[in-house]
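Topology and contacts: notes
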Amino acid sequence: VQQCLERQAQYAGLNAFVTRANATQIQDAAKAIVDSEFDGSSLAGRTIAIKDNIVTTDFPTTASSKILDAYKSPYNATVVEKLTGAGALICGKTNLDEFGMGSHTRPVFTSTTQSPFKRNGEALSAGGSSGGSAVAVATGQAWAALGTDTGGSVRLPAAYTGTVGFKPSYGRLSRWGVIAYANSLDTVGTLTQSVEHARDIFNVLDSFDPMDPTSLSEIVRNEAEYQSIASMEDKRLRIGIPLDYNTASLSPEVRRTWSQLLTSLQDAGHSLHPVSLPSTHQALSAYYVLAPAEASSNLAKYDGVRYGHRTTGPDANPKENMPLFAATRGEGFGPEVQRRILLGAYTLSSEAMDNYFVQAQRVRRLVQSDFDNVFALPNPLLDLRAEQSSDGPNVDILIAPTAPTLPPTLAEVEKLSPVEMYMNDVLTVPASLAGLPALSVPVKLQNGSTEAGDVKSIGMQVIGQFGDDELVLQVGQIIE
Ligand code: GLN
(Lines give C-alpha, C1' and ligand atoms only; values in the text may rest on other atoms or scores of the structure.)
Protein backbone atom coordinates (compact mmCIF):
# COMPACT_ATOMS: atom_id res chain seq x y z
CA VAL A 1 0.00 0.00 0.00
CA GLN A 2 2.83 2.33 0.89
CA GLN A 3 4.56 1.72 -2.42
CA CYS A 4 1.34 2.24 -4.35
CA LEU A 5 0.75 5.59 -2.59
CA GLU A 6 4.31 6.73 -3.32
CA ARG A 7 4.00 5.77 -6.98
CA GLN A 8 0.66 7.57 -7.23
CA ALA A 9 2.36 10.78 -6.11
CA GLN A 10 5.38 10.17 -8.36
CA TYR A 11 3.33 9.48 -11.49
CA ALA A 12 0.42 11.86 -10.91
CA GLY A 13 1.35 13.69 -14.14
CA LEU A 14 0.38 10.67 -16.26
CA ASN A 15 -3.31 11.12 -15.28
CA ALA A 16 -4.01 7.45 -14.74
CA PHE A 17 -6.61 8.22 -12.05
CA VAL A 18 -9.84 10.21 -12.05
CA THR A 19 -10.17 9.76 -8.25
CA ARG A 20 -7.57 8.39 -5.85
CA ALA A 21 -8.22 6.70 -2.51
CA ASN A 22 -7.63 8.76 0.60
CA ALA A 23 -4.18 7.77 1.96
CA THR A 24 -5.20 7.45 5.62
CA GLN A 25 -8.27 5.43 4.80
CA ILE A 26 -6.44 2.92 2.65
CA GLN A 27 -3.61 2.59 5.18
CA ASP A 28 -6.16 1.89 7.93
CA ALA A 29 -7.93 -0.63 5.73
CA ALA A 30 -4.58 -2.31 5.05
CA LYS A 31 -3.87 -2.56 8.79
CA ALA A 32 -7.25 -4.15 9.32
CA ILE A 33 -6.43 -6.82 6.74
CA VAL A 34 -3.33 -7.94 8.62
CA ASP A 35 -4.23 -10.88 10.88
CA SER A 36 -7.78 -10.80 9.60
CA GLU A 37 -9.87 -13.62 8.18
CA PHE A 38 -8.51 -12.72 4.72
CA ASP A 39 -5.05 -13.97 5.51
CA GLY A 40 -4.22 -16.52 2.87
CA SER A 41 -6.51 -15.12 0.14
CA SER A 42 -4.47 -14.36 -2.99
CA LEU A 43 -5.93 -10.83 -3.09
CA ALA A 44 -5.67 -9.96 0.61
CA GLY A 45 -4.14 -6.51 1.01
CA ARG A 46 -3.60 -6.11 -2.76
CA THR A 47 -4.26 -2.65 -4.19
CA ILE A 48 -6.65 -2.81 -7.12
CA ALA A 49 -7.72 0.18 -9.22
CA ILE A 50 -11.15 0.23 -10.86
CA LYS A 51 -12.01 1.77 -14.23
CA ASP A 52 -14.30 4.72 -13.67
CA ASN A 53 -17.21 3.15 -15.58
CA ILE A 54 -17.66 0.52 -12.84
CA VAL A 55 -19.78 1.80 -9.96
CA THR A 56 -18.51 2.16 -6.38
CA THR A 57 -20.09 3.63 -3.28
CA ASP A 58 -16.78 4.90 -1.86
CA PHE A 59 -15.85 6.96 -4.92
CA PRO A 60 -17.79 8.93 -7.55
CA THR A 61 -18.28 7.15 -10.91
CA THR A 62 -18.10 9.47 -13.91
CA ALA A 63 -17.22 7.30 -16.94
CA SER A 64 -14.98 10.35 -17.64
CA SER A 65 -18.09 12.19 -18.85
CA LYS A 66 -19.49 15.56 -17.85
CA ILE A 67 -22.98 14.05 -17.93
CA LEU A 68 -22.07 11.97 -14.84
CA ASP A 69 -20.24 14.82 -13.13
CA ALA A 70 -19.80 13.90 -9.43
CA TYR A 71 -22.31 11.06 -9.74
CA LYS A 72 -22.13 8.65 -6.81
CA SER A 73 -23.72 5.24 -7.05
CA PRO A 74 -25.86 3.94 -4.19
CA TYR A 75 -24.46 0.42 -4.72
CA ASN A 76 -21.24 -1.37 -5.66
CA ALA A 77 -20.77 -3.38 -8.84
CA THR A 78 -20.73 -7.13 -8.16
CA VAL A 79 -17.08 -7.34 -9.29
CA VAL A 80 -16.13 -4.65 -6.74
CA GLU A 81 -18.01 -6.46 -3.95
CA LYS A 82 -16.22 -9.68 -4.83
CA LEU A 83 -12.78 -8.05 -4.80
CA THR A 84 -13.27 -6.37 -1.43
CA GLY A 85 -14.87 -9.57 -0.17
CA ALA A 86 -11.56 -11.30 -0.94
CA GLY A 87 -9.60 -8.67 1.00
CA ALA A 88 -8.49 -6.43 -1.91
CA LEU A 89 -8.11 -2.69 -1.30
CA ILE A 90 -9.63 -0.36 -3.89
CA CYS A 91 -7.01 2.33 -4.50
CA GLY A 92 -8.93 4.60 -6.86
CA LYS A 93 -10.89 5.01 -10.10
CA THR A 94 -9.04 5.12 -13.39
CA ASN A 95 -9.36 7.27 -16.47
CA LEU A 96 -10.99 6.17 -19.74
CA ASP A 97 -12.24 7.50 -23.05
CA GLU A 98 -15.69 8.93 -22.31
CA PHE A 99 -18.03 5.94 -21.73
CA GLY A 100 -15.31 3.64 -23.10
CA MET A 101 -15.63 5.02 -26.63
CA GLY A 102 -12.14 5.39 -28.00
CA SER A 103 -8.71 3.81 -28.15
CA HIS A 104 -6.31 6.34 -26.59
CA THR A 105 -7.83 7.43 -23.23
CA ARG A 106 -8.48 11.00 -24.35
CA PRO A 107 -11.68 12.05 -22.58
CA VAL A 108 -12.71 15.60 -23.47
CA PHE A 109 -13.84 16.76 -20.04
CA THR A 110 -10.81 15.52 -18.07
CA SER A 111 -7.13 15.04 -18.93
CA THR A 112 -5.60 12.58 -21.37
CA THR A 113 -3.77 9.64 -19.80
CA GLN A 114 -0.13 9.35 -20.86
CA SER A 115 1.87 6.20 -21.31
CA PRO A 116 5.03 6.01 -19.17
CA PHE A 117 6.91 5.44 -22.45
CA LYS A 118 8.25 8.07 -24.82
CA ARG A 119 9.65 8.19 -28.34
CA ASN A 120 12.14 10.97 -29.17
CA GLY A 121 10.95 12.75 -26.04
CA GLU A 122 7.30 12.66 -27.12
CA ALA A 123 4.58 11.11 -24.95
CA LEU A 124 3.01 7.97 -26.36
CA SER A 125 -0.60 6.84 -26.32
CA ALA A 126 -1.48 4.54 -23.43
CA GLY A 127 -4.14 2.88 -25.59
CA GLY A 128 -7.75 2.85 -24.58
CA SER A 129 -10.29 2.91 -23.38
CA SER A 130 -8.91 1.33 -20.16
CA GLY A 131 -5.66 3.35 -20.50
CA GLY A 132 -5.84 4.66 -16.92
CA SER A 133 -6.00 1.10 -15.55
CA ALA A 134 -3.09 0.00 -17.77
CA VAL A 135 -0.84 2.92 -16.77
CA ALA A 136 -1.70 2.49 -13.08
CA VAL A 137 -0.46 -1.12 -13.28
CA ALA A 138 2.52 -0.43 -15.57
CA THR A 139 3.86 2.18 -13.13
CA GLY A 140 3.08 0.27 -9.90
CA GLN A 141 0.37 2.72 -8.78
CA ALA A 142 -1.82 -0.34 -8.28
CA TRP A 143 -1.03 -4.05 -7.99
CA ALA A 144 -3.72 -4.71 -10.60
CA ALA A 145 -6.73 -2.99 -12.16
CA LEU A 146 -10.13 -3.78 -13.60
CA GLY A 147 -10.99 -2.51 -17.04
CA THR A 148 -13.80 -3.15 -19.48
CA ASP A 149 -13.41 -4.51 -22.99
CA THR A 150 -16.15 -3.99 -25.58
CA GLY A 151 -13.98 -4.10 -28.71
CA GLY A 152 -10.45 -4.25 -27.33
CA SER A 153 -10.34 -1.75 -24.48
CA VAL A 154 -8.43 -4.00 -22.08
CA ARG A 155 -6.16 -5.66 -24.65
CA LEU A 156 -5.06 -2.57 -26.58
CA PRO A 157 -3.84 -0.55 -23.55
CA ALA A 158 -2.15 -3.70 -22.23
CA ALA A 159 -0.28 -4.02 -25.54
CA TYR A 160 0.77 -0.35 -25.50
CA THR A 161 1.97 -0.30 -21.88
CA GLY A 162 3.68 -3.70 -21.58
CA THR A 163 1.08 -5.16 -19.21
CA VAL A 164 -1.11 -8.27 -19.37
CA GLY A 165 -4.72 -7.62 -20.44
CA PHE A 166 -7.32 -10.38 -20.06
CA LYS A 167 -10.83 -10.30 -21.53
CA PRO A 168 -12.64 -13.44 -20.34
CA SER A 169 -15.46 -15.13 -22.29
CA TYR A 170 -18.58 -12.94 -22.48
CA GLY A 171 -20.86 -13.61 -19.52
CA ARG A 172 -18.30 -15.11 -17.13
CA LEU A 173 -17.76 -11.94 -15.07
CA SER A 174 -20.78 -10.00 -13.86
CA ARG A 175 -21.76 -6.74 -15.61
CA TRP A 176 -24.01 -5.66 -12.74
CA GLY A 177 -22.84 -2.13 -11.93
CA VAL A 178 -20.83 -1.72 -15.13
CA ILE A 179 -22.03 1.34 -17.03
CA ALA A 180 -23.30 -0.06 -20.30
CA TYR A 181 -21.68 0.95 -23.59
CA ALA A 182 -22.79 -1.97 -25.80
CA ASN A 183 -24.33 -4.67 -23.59
CA SER A 184 -23.94 -7.57 -26.00
CA LEU A 185 -20.17 -6.96 -26.17
CA ASP A 186 -19.24 -5.41 -22.80
CA THR A 187 -16.92 -7.58 -20.73
CA VAL A 188 -15.08 -6.85 -17.49
CA GLY A 189 -11.37 -7.62 -17.81
CA THR A 190 -8.14 -7.31 -15.87
CA LEU A 191 -4.85 -5.45 -16.29
CA THR A 192 -1.97 -7.02 -14.39
CA GLN A 193 1.80 -7.39 -14.35
CA SER A 194 1.66 -11.14 -14.93
CA VAL A 195 -0.69 -13.82 -16.21
CA GLU A 196 -0.67 -15.40 -12.76
CA HIS A 197 -2.15 -12.22 -11.25
CA ALA A 198 -4.82 -12.20 -13.98
CA ARG A 199 -5.76 -15.74 -12.99
CA ASP A 200 -5.86 -14.83 -9.27
CA ILE A 201 -8.42 -12.10 -9.96
CA PHE A 202 -10.36 -14.12 -12.52
CA ASN A 203 -10.77 -16.98 -10.03
CA VAL A 204 -12.30 -14.60 -7.48
CA LEU A 205 -14.70 -12.97 -9.97
CA ASP A 206 -15.71 -15.93 -12.12
CA SER A 207 -19.19 -16.97 -10.94
CA PHE A 208 -22.86 -16.73 -11.84
CA ASP A 209 -24.57 -13.49 -10.81
CA PRO A 210 -28.38 -13.44 -10.75
CA MET A 211 -28.25 -9.62 -11.01
CA ASP A 212 -26.79 -9.82 -14.53
CA PRO A 213 -29.26 -11.27 -17.06
CA THR A 214 -26.41 -12.29 -19.39
CA SER A 215 -24.32 -13.96 -16.70
CA LEU A 216 -23.50 -17.51 -17.85
CA SER A 217 -25.56 -20.15 -16.13
CA GLU A 218 -23.94 -22.85 -14.01
CA ILE A 219 -24.91 -25.40 -16.65
CA VAL A 220 -22.94 -23.66 -19.42
CA ARG A 221 -20.03 -22.99 -17.06
CA ASN A 222 -19.82 -26.66 -16.12
CA GLU A 223 -20.09 -27.73 -19.74
CA ALA A 224 -17.27 -25.36 -20.74
CA GLU A 225 -15.08 -26.51 -17.88
CA TYR A 226 -15.70 -30.17 -18.65
CA GLN A 227 -14.66 -29.63 -22.28
CA SER A 228 -11.63 -27.52 -21.57
CA ILE A 229 -10.18 -30.03 -19.10
CA ALA A 230 -10.02 -32.38 -22.06
CA SER A 231 -8.29 -29.79 -24.21
CA MET A 232 -5.49 -29.36 -21.69
CA GLU A 233 -4.54 -32.98 -21.45
CA ASP A 234 -2.09 -32.95 -24.31
CA LYS A 235 0.57 -30.37 -23.59
CA ARG A 236 1.54 -30.13 -27.25
CA LEU A 237 -0.69 -27.41 -28.58
CA ARG A 238 -2.18 -27.08 -32.03
CA ILE A 239 -1.68 -23.36 -32.61
CA GLY A 240 -3.71 -21.59 -35.29
CA ILE A 241 -2.19 -18.65 -37.17
CA PRO A 242 -5.05 -16.51 -38.49
CA LEU A 243 -3.78 -15.50 -41.92
CA ASP A 244 -6.46 -12.83 -42.26
CA TYR A 245 -4.82 -10.95 -39.34
CA ASN A 246 -1.65 -10.49 -41.38
CA THR A 247 -2.95 -7.24 -42.84
CA ALA A 248 -0.98 -4.71 -44.87
CA SER A 249 -1.25 -2.32 -41.91
CA LEU A 250 0.96 -4.50 -39.64
CA SER A 251 4.20 -2.73 -38.86
CA PRO A 252 7.44 -4.66 -39.56
CA GLU A 253 8.26 -4.87 -35.81
CA VAL A 254 4.89 -6.39 -35.02
CA ARG A 255 5.08 -8.91 -37.86
CA ARG A 256 8.64 -9.90 -36.91
CA THR A 257 7.79 -10.38 -33.22
CA TRP A 258 4.76 -12.47 -34.16
CA SER A 259 6.76 -14.80 -36.40
CA GLN A 260 9.63 -15.10 -33.89
CA LEU A 261 7.15 -16.08 -31.20
CA LEU A 262 5.55 -18.71 -33.45
CA THR A 263 8.95 -20.16 -34.35
CA SER A 264 9.94 -20.45 -30.70
CA LEU A 265 6.66 -22.22 -29.90
CA GLN A 266 7.27 -24.64 -32.75
CA ASP A 267 10.80 -25.29 -31.46
CA ALA A 268 9.24 -26.11 -28.08
CA GLY A 269 7.22 -28.92 -29.69
CA HIS A 270 3.89 -27.24 -30.49
CA SER A 271 2.51 -27.41 -34.02
CA LEU A 272 1.53 -24.44 -36.20
CA HIS A 273 -1.54 -24.39 -38.48
CA PRO A 274 -2.43 -21.53 -40.80
CA VAL A 275 -6.18 -20.90 -40.52
CA SER A 276 -8.60 -18.72 -42.43
CA LEU A 277 -11.21 -16.54 -40.74
CA PRO A 278 -12.67 -14.91 -43.88
CA SER A 279 -15.28 -12.72 -42.15
CA THR A 280 -12.52 -10.85 -40.29
CA HIS A 281 -12.55 -8.30 -43.11
CA GLN A 282 -16.14 -7.31 -42.34
CA ALA A 283 -15.83 -7.58 -38.56
CA LEU A 284 -14.67 -4.02 -37.94
CA SER A 285 -17.52 -2.50 -39.98
CA ALA A 286 -20.05 -4.72 -38.23
CA TYR A 287 -18.66 -3.72 -34.83
CA TYR A 288 -18.92 0.00 -35.64
CA VAL A 289 -22.58 -0.48 -36.58
CA LEU A 290 -23.55 -2.67 -33.61
CA ALA A 291 -21.65 -0.92 -30.80
CA PRO A 292 -22.98 2.59 -31.57
CA ALA A 293 -26.51 1.19 -32.07
CA GLU A 294 -26.48 -0.31 -28.58
CA ALA A 295 -24.77 2.81 -27.20
CA SER A 296 -27.43 5.17 -28.61
CA SER A 297 -30.06 3.19 -26.75
CA ASN A 298 -28.04 2.88 -23.51
CA LEU A 299 -27.20 6.57 -23.32
CA ALA A 300 -30.83 7.67 -23.72
CA LYS A 301 -31.25 7.58 -19.94
CA TYR A 302 -28.88 10.53 -19.36
CA ASP A 303 -31.50 13.23 -19.59
CA GLY A 304 -30.53 15.67 -16.85
CA VAL A 305 -33.35 14.45 -14.63
CA ARG A 306 -32.05 11.21 -13.16
CA TYR A 307 -28.25 11.43 -13.18
CA GLY A 308 -25.32 13.82 -12.89
CA HIS A 309 -25.09 16.98 -14.95
CA ARG A 310 -28.11 19.19 -15.65
CA THR A 311 -28.08 22.39 -17.65
CA THR A 312 -28.58 25.60 -15.68
CA GLY A 313 -31.70 27.71 -15.94
CA PRO A 314 -35.35 26.78 -16.17
CA ASP A 315 -36.70 23.77 -18.03
CA ALA A 316 -35.73 25.21 -21.35
CA ASN A 317 -32.57 27.03 -22.33
CA PRO A 318 -34.15 30.41 -23.12
CA LYS A 319 -31.37 31.57 -25.43
CA GLU A 320 -31.56 28.65 -27.79
CA ASN A 321 -35.11 27.70 -27.00
CA MET A 322 -33.91 24.18 -26.35
CA PRO A 323 -35.68 21.72 -24.10
CA LEU A 324 -33.85 20.68 -20.94
CA PHE A 325 -33.15 17.25 -22.32
CA ALA A 326 -31.39 18.45 -25.49
CA ALA A 327 -29.46 21.24 -23.77
CA THR A 328 -28.22 18.90 -21.02
CA ARG A 329 -27.11 16.26 -23.50
CA GLY A 330 -25.46 18.82 -25.78
CA GLU A 331 -23.35 20.05 -22.87
CA GLY A 332 -22.83 16.73 -21.12
CA PHE A 333 -21.59 14.48 -23.94
CA GLY A 334 -18.33 15.04 -25.82
CA PRO A 335 -18.10 14.99 -29.64
CA GLU A 336 -17.16 11.29 -30.03
CA VAL A 337 -20.06 10.17 -27.84
CA GLN A 338 -22.42 12.44 -29.78
CA ARG A 339 -21.10 10.98 -33.05
CA ARG A 340 -21.83 7.44 -31.82
CA ILE A 341 -25.33 8.38 -30.63
CA LEU A 342 -26.12 9.87 -34.03
CA LEU A 343 -24.63 6.90 -35.88
CA GLY A 344 -26.56 4.45 -33.74
CA ALA A 345 -29.83 6.34 -33.94
CA TYR A 346 -29.46 6.40 -37.72
CA THR A 347 -28.62 2.70 -38.21
CA LEU A 348 -31.58 1.75 -36.01
CA SER A 349 -34.01 4.05 -37.86
CA SER A 350 -36.66 2.34 -39.97
CA GLU A 351 -35.21 3.27 -43.34
CA ALA A 352 -31.63 2.22 -42.49
CA MET A 353 -32.20 -0.75 -40.18
CA ASP A 354 -32.15 -3.48 -42.85
CA ASN A 355 -29.08 -2.11 -44.57
CA TYR A 356 -26.98 -1.62 -41.48
CA PHE A 357 -28.10 -3.16 -38.20
CA VAL A 358 -29.52 -6.37 -39.65
CA GLN A 359 -26.56 -6.88 -41.99
CA ALA A 360 -24.12 -6.27 -39.15
CA GLN A 361 -25.87 -8.93 -37.02
CA ARG A 362 -25.46 -11.36 -39.91
CA VAL A 363 -21.75 -10.58 -40.16
CA ARG A 364 -21.48 -11.15 -36.43
CA ARG A 365 -22.86 -14.69 -36.87
CA LEU A 366 -20.37 -15.35 -39.68
CA VAL A 367 -17.49 -14.19 -37.49
CA GLN A 368 -18.67 -16.57 -34.76
CA SER A 369 -18.95 -19.51 -37.14
CA ASP A 370 -15.50 -18.77 -38.62
CA PHE A 371 -14.06 -19.31 -35.15
CA ASP A 372 -16.18 -22.41 -34.51
CA ASN A 373 -14.87 -23.89 -37.76
CA VAL A 374 -11.24 -23.68 -36.70
CA PHE A 375 -11.33 -24.69 -33.02
CA ALA A 376 -11.13 -28.34 -32.01
CA LEU A 377 -13.49 -27.76 -29.08
CA PRO A 378 -17.17 -27.30 -29.89
CA ASN A 379 -18.76 -24.02 -28.81
CA PRO A 380 -20.68 -24.84 -25.60
CA LEU A 381 -23.31 -22.26 -26.60
CA LEU A 382 -24.27 -24.15 -29.74
CA ASP A 383 -27.08 -26.64 -29.40
CA LEU A 384 -26.57 -28.23 -32.75
CA ARG A 385 -23.20 -29.79 -32.12
CA ALA A 386 -23.59 -31.94 -35.18
CA GLU A 387 -23.47 -28.86 -37.37
CA GLN A 388 -19.93 -28.12 -36.37
CA SER A 389 -17.66 -29.77 -38.90
CA SER A 390 -14.90 -31.95 -37.53
CA ASP A 391 -12.69 -31.78 -40.61
CA GLY A 392 -11.45 -28.23 -39.91
CA PRO A 393 -7.94 -27.42 -38.68
CA ASN A 394 -9.01 -28.34 -35.10
CA VAL A 395 -6.71 -25.92 -33.34
CA ASP A 396 -6.58 -25.40 -29.56
CA ILE A 397 -5.71 -21.74 -29.62
CA LEU A 398 -5.06 -18.81 -31.97
CA ILE A 399 -2.08 -16.47 -31.66
CA ALA A 400 -1.96 -13.06 -33.37
CA PRO A 401 -0.83 -9.53 -32.55
CA THR A 402 -3.10 -7.35 -30.40
CA ALA A 403 -2.54 -4.11 -32.31
CA PRO A 404 -1.23 -3.54 -35.84
CA THR A 405 1.53 -1.11 -34.77
CA LEU A 406 3.59 0.14 -31.85
CA PRO A 407 1.86 2.87 -29.82
CA PRO A 408 1.61 6.17 -31.72
CA THR A 409 2.60 9.46 -30.07
CA LEU A 410 -0.27 11.50 -28.67
CA ALA A 411 0.57 14.17 -31.25
CA GLU A 412 0.05 11.61 -34.03
CA VAL A 413 -3.25 10.51 -32.49
CA GLU A 414 -4.41 14.12 -32.55
CA LYS A 415 -4.27 14.10 -36.35
CA LEU A 416 -6.27 10.89 -36.87
CA SER A 417 -9.77 10.99 -38.33
CA PRO A 418 -12.46 9.01 -36.47
CA VAL A 419 -12.34 6.23 -39.09
CA GLU A 420 -8.52 6.00 -38.89
CA MET A 421 -8.96 5.70 -35.13
CA TYR A 422 -11.48 2.87 -35.54
CA MET A 423 -9.05 0.94 -37.79
CA ASN A 424 -6.78 0.36 -34.80
CA ASP A 425 -9.32 -2.12 -33.38
CA VAL A 426 -9.16 -4.44 -36.38
CA LEU A 427 -7.37 -7.26 -34.53
CA THR A 428 -9.37 -7.10 -31.31
CA VAL A 429 -13.02 -6.78 -32.42
CA PRO A 430 -13.42 -10.28 -33.94
CA ALA A 431 -12.99 -12.00 -30.53
CA SER A 432 -15.39 -9.43 -29.03
CA LEU A 433 -18.09 -10.11 -31.63
CA ALA A 434 -17.80 -13.84 -30.89
CA GLY A 435 -17.54 -13.36 -27.10
CA LEU A 436 -14.30 -15.38 -26.96
CA PRO A 437 -11.67 -15.25 -24.21
CA ALA A 438 -8.63 -13.25 -25.34
CA LEU A 439 -5.43 -12.30 -23.56
CA SER A 440 -2.82 -9.74 -24.55
CA VAL A 441 0.65 -10.70 -23.31
CA PRO A 442 3.77 -8.53 -23.70
CA VAL A 443 6.42 -10.28 -25.78
CA LYS A 444 9.93 -8.85 -25.70
CA LEU A 445 10.78 -6.74 -28.72
CA GLN A 446 14.01 -8.17 -30.18
CA ASN A 447 16.56 -5.59 -31.36
CA GLY A 448 14.44 -2.48 -30.70
CA SER A 449 14.50 0.26 -33.31
CA THR A 450 14.13 4.04 -33.21
CA GLU A 451 10.48 3.33 -34.09
CA ALA A 452 10.10 1.72 -30.67
CA GLY A 453 11.48 4.51 -28.45
CA ASP A 454 11.23 3.28 -24.82
CA VAL A 455 8.76 0.56 -25.72
CA LYS A 456 10.24 -2.83 -24.81
CA SER A 457 7.50 -5.24 -25.83
CA ILE A 458 4.74 -5.98 -28.31
CA GLY A 459 1.33 -7.26 -27.23
CA MET A 460 0.51 -10.71 -28.57
CA GLN A 461 -3.03 -11.97 -28.37
CA VAL A 462 -4.04 -15.49 -27.36
CA ILE A 463 -7.63 -16.31 -28.38
CA GLY A 464 -9.46 -19.46 -27.28
CA GLN A 465 -12.82 -21.14 -27.89
CA PHE A 466 -15.76 -19.81 -25.85
CA GLY A 467 -15.39 -20.96 -22.23
CA ASP A 468 -11.80 -22.11 -22.70
CA ASP A 469 -10.46 -19.26 -20.54
CA GLU A 470 -8.16 -21.49 -18.51
CA LEU A 471 -6.31 -22.71 -21.60
CA VAL A 472 -5.90 -19.10 -22.78
CA LEU A 473 -4.28 -18.25 -19.44
CA GLN A 474 -2.04 -21.33 -19.58
CA VAL A 475 -0.83 -20.44 -23.06
CA GLY A 476 -0.27 -16.88 -21.85
CA GLN A 477 2.03 -18.26 -19.16
CA ILE A 478 3.99 -20.22 -21.76
CA ILE A 479 4.68 -17.14 -23.87
CA GLU A 480 5.11 -14.37 -21.26
N1 GLN B 1 -12.04 1.41 -29.43
C2 GLN B 1 -13.26 0.69 -29.41
C3 GLN B 1 -14.43 1.63 -29.39
O4 GLN B 1 -14.23 2.78 -29.35
C5 GLN B 1 -13.30 -0.26 -28.25
C6 GLN B 1 -13.70 0.38 -26.99
C7 GLN B 1 -13.95 -0.58 -25.86
O8 GLN B 1 -13.62 -1.75 -25.93
N9 GLN B 1 -14.60 -0.06 -24.83
O10 GLN B 1 -15.56 1.25 -29.43
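Residues numbered from 1 in each chain as written. Predicted model: local features only at pLDDT ≥ 70, side-chain atom pairs only at ≥ 80, totals over all residues.

So, the overall build of the protein
Where we set the bar: Strands are runs of DSSP state E lasting at least 2 residues, helices are runs of H or I lasting at least 4, and numbering of each runs from the N terminus. We compute the radius of gyration over the C-alpha atoms and compare it with the globule rule, which gives 2.2 Å times the number of residues raised to the power 0.38. Residues with at least 20 other C-beta atoms within 10 Å of their own are called buried, those with 12 or fewer are called exposed, and the rest are partly exposed. The C-beta atoms themselves are positioned from the backbone. By the criterion used throughout, residues are in contact when their C-beta atoms, derived from the backbone, lie within 7 Å.
Helix and strand counts for the protein stand at 16 helices and 15 strands. What you see for the protein is a C-alpha radius of gyration of 22 Å, in line with the 23 Å of a compact globule of 480 residues. When the backbone C-alpha atoms are referred to their principal axes, the protein occupies close to 70 × 65 × 50 Å. With 480 residues in all, the protein has 52% of them scored as buried. Sequence separation of 24 or more characterises 77% of the internal contacts of the protein that already satisfy a separation of 6 or more.

Overview of the pairing of strand 9 (residues 238-242)
Here is the rule we go by: Pairing between strands is defined by DSSP: at least two bridges between them are needed. Note on handedness: a crossover is taken as right-handed if, strands pointing away from the viewer, the path from the first strand over the helix to the second is clockwise.
Bridge count for strand 9 against strand 10 (residues 271-275) is five bridges, and the pairing is parallel. Opposite I239, over in strand 10, you have L272 as the bridge partner. As a crossover connection, the stretch from strand 9 through helix 8 (residues 252-267) into strand 10 is right-handed. Taken together, the two bridges between strand 9 and strand 13 (residues 397-401) define a ladder with parallel strand orientation. Opposite I239, over in strand 13, you have I397 as the bridge partner.

Structural notes on the pairing of strand 14 (residues 438-444)
The buried fraction of strand 14 amounts to six of the seven residues, a majority that puts the element mostly inside the structure. With three bridges connecting them, strand 7 (residues 164-167) and strand 14 associate as antiparallel partners. In the strand pairing of strand 14, F166 is matched with L439. Judged from the seven bridges that link them, strand 14 and strand 15 (residues 457-464) form a sheet pairing that is antiparallel.

Some remarks on the site of the ligand
Applied cut-off: The rule is simple: place the C-beta atom from the backbone, and if it lies within 6 Å of a molecule or strand, the residue is near it. Here the nonpolar group is Ala, Val, Leu, Ile, Met, Phe, Trp, Tyr, Cys and Pro; Asp, Glu, Lys and Arg are the charged ones; every other residue, Gly included, is treated as polar.
By nearness alone, 14 residues border the ligand, and G100, S103, T150, G151 and S153 come closest of all. A breakdown of the residues in the shell around the ligand according to their chemical character gives three nonpolar, nine polar and two charged.

Remarks on the nonpolar core
The following threshold applies: A set of buried residues qualifies as a nonpolar core if it consists of Ala, Val, Leu, Ile, Met, Phe, Trp, Tyr and Cys joined through C-beta atoms within 7 Å.
Ranked by size, the top nonpolar core spans 118 residues in total, and within it I48, A142 and I397 carry the most contacts. Here the element with the most residues in this core is helix 9 (residues 280-298); it accounts for ten residues. Beyond its immediate stretch of four places on either side in the chain, I48 contacts L83, A88, I90, C91, A142, W143, A144, A145 and L146.

Quick notes on the packing of helix 9 against helix 11 (residues 335-347)
Inclusion rule: Think of each axis as a best-fit line through the C-alpha atoms, taken over the contacting stretch in the case of a helix, with angles from 0 to 180 degrees between the N-to-C directions. Any angle that falls under 35 degrees is termed roughly parallel, while one over 145 is termed roughly antiparallel, one within 65 to 115 roughly perpendicular, and all others oblique.
Remark: helix 9 packs on helix 11, axes separated minimally by 7 Å, with the N-to-C direction vectors making an angle of 100 degrees. Judged by the angle between their axes, helix 9 and helix 11 are roughly perpendicular. Where helix 9 approaches helix 11, its residues V289, P292, A293, A295 and S296 are matched on the opposing element by R340, I341, L343, G344, A345 and T347. The class makeup of the residues in the contact of helix 9 with helix 11 is seven nonpolar, three polar and one charged.

Notes on the UniProt feature "active site" (unreviewed entry) in the protein
Operational definition: UniProt positions are given in the numbering used here, feature names are shortened, and annotations may be inferred rather than shown by experiment.
Under the feature "active site" (unreviewed entry), the UniProt entry names K51, S129 and S153. With the annotated positions falling across 103 residues, the maximum pairwise C-alpha distance of 11.0 Å places them together in a single cluster. With respect to the helices and strands, S129 occurs in the loop between strand 5 (122-125) and helix 4 (131-138). Filtering out sequence-adjacent residues up to four positions away, S129 remains in contact with L96, D97, G100, M101, G102, S103, T105 and S153.

Considering unusual backbone geometry
The omega torsion of the bond from G128 to S129 falls at 5 degrees, within 30 degrees of zero and hence cis. The phi torsion at F99 lies on the positive side, around 55 degrees, for a residue other than glycine. By secondary structure assignment, the location of F99 is in the loop between strand 3 (89-94) and strand 4 (114-119). Notably, N120 is not glycine yet its phi reads approximately 45 degrees, a positive angle. Within the secondary structure, N120 is located in the loop between strand 4 and strand 5.

Quick notes on the sheet that holds strand 1 (residues 17-20)
Within the open sheet, the eleven strands sit side by side as 1-3-2-6-8-7-14-15-13-9-10. Their pairing is mixed. Each edge of the sheet is formed by a strand with only one pairing partner; in this case those strands are strand 1 and strand 10. Here the average twist between neighbouring strands, direction ignored, is 30 degrees. The sheet contact formed by strand 13 and strand 15 spans five bridges and is antiparallel. In the strand pairing of strand 15, I399 is matched with V462.

Notes on helix 3 (residues 78-85)
Burial in helix 3 covers these residues: T78, V79, V80, K82 and L83. On its buried face, helix 3 sits against strand 2 (47-51), strand 3, strand 6 (144-149), strand 8 (187-192) and helix 6 (195-205). Remark: G87 follows helix 3 within two positions and exhibits a positive phi of approximately 95 degrees.

Overview of the packing of helix 6 against helix 16 (residues 469-479)
What counts, and what does not: In this scheme the crossing of two helices becomes right-handed for a clockwise turn of the near helix relative to the far one and left-handed for an anticlockwise turn of less than a right angle.
Contact geometry of helix 6 with helix 16 gives a least axis separation of 9 Å together with a crossing angle of 160 degrees. The angle between the axes of helix 6 and helix 16 places the two elements in the roughly antiparallel class. Of the two elements, helix 6 crosses helix 16, and the hand of that crossing is left-handed. In contact with V195, A198, R199 and F202 of helix 6, helix 16 contributes D469, L473, G476 and Q477. For the contact of helix 6 with helix 16, the per-class residue count stands at four nonpolar, two polar and two charged.

Focus on the environment of P157
Structurally, P157 is set in helix 5 (residues 155-161). Note: C-alpha distance between P157 and S125 (32 residues apart in sequence) is 8.5 Å. Setting aside residues no more than four positions away along its own chain, P157 makes contact with A126, G127, G128, S130, G131, A134 and G165.

Structural notes on the environment of S417
By the secondary structure assignment, S417 is in the loop between helix 13 (410-414) and helix 14 (418-423). On the neighbour-count criterion, S417 (8 C-beta atoms within 10 Å) is exposed. Expressed as a C-alpha distance, the spacing of S417 and S125, which sit 292 residues apart in the sequence, is 16 Å.

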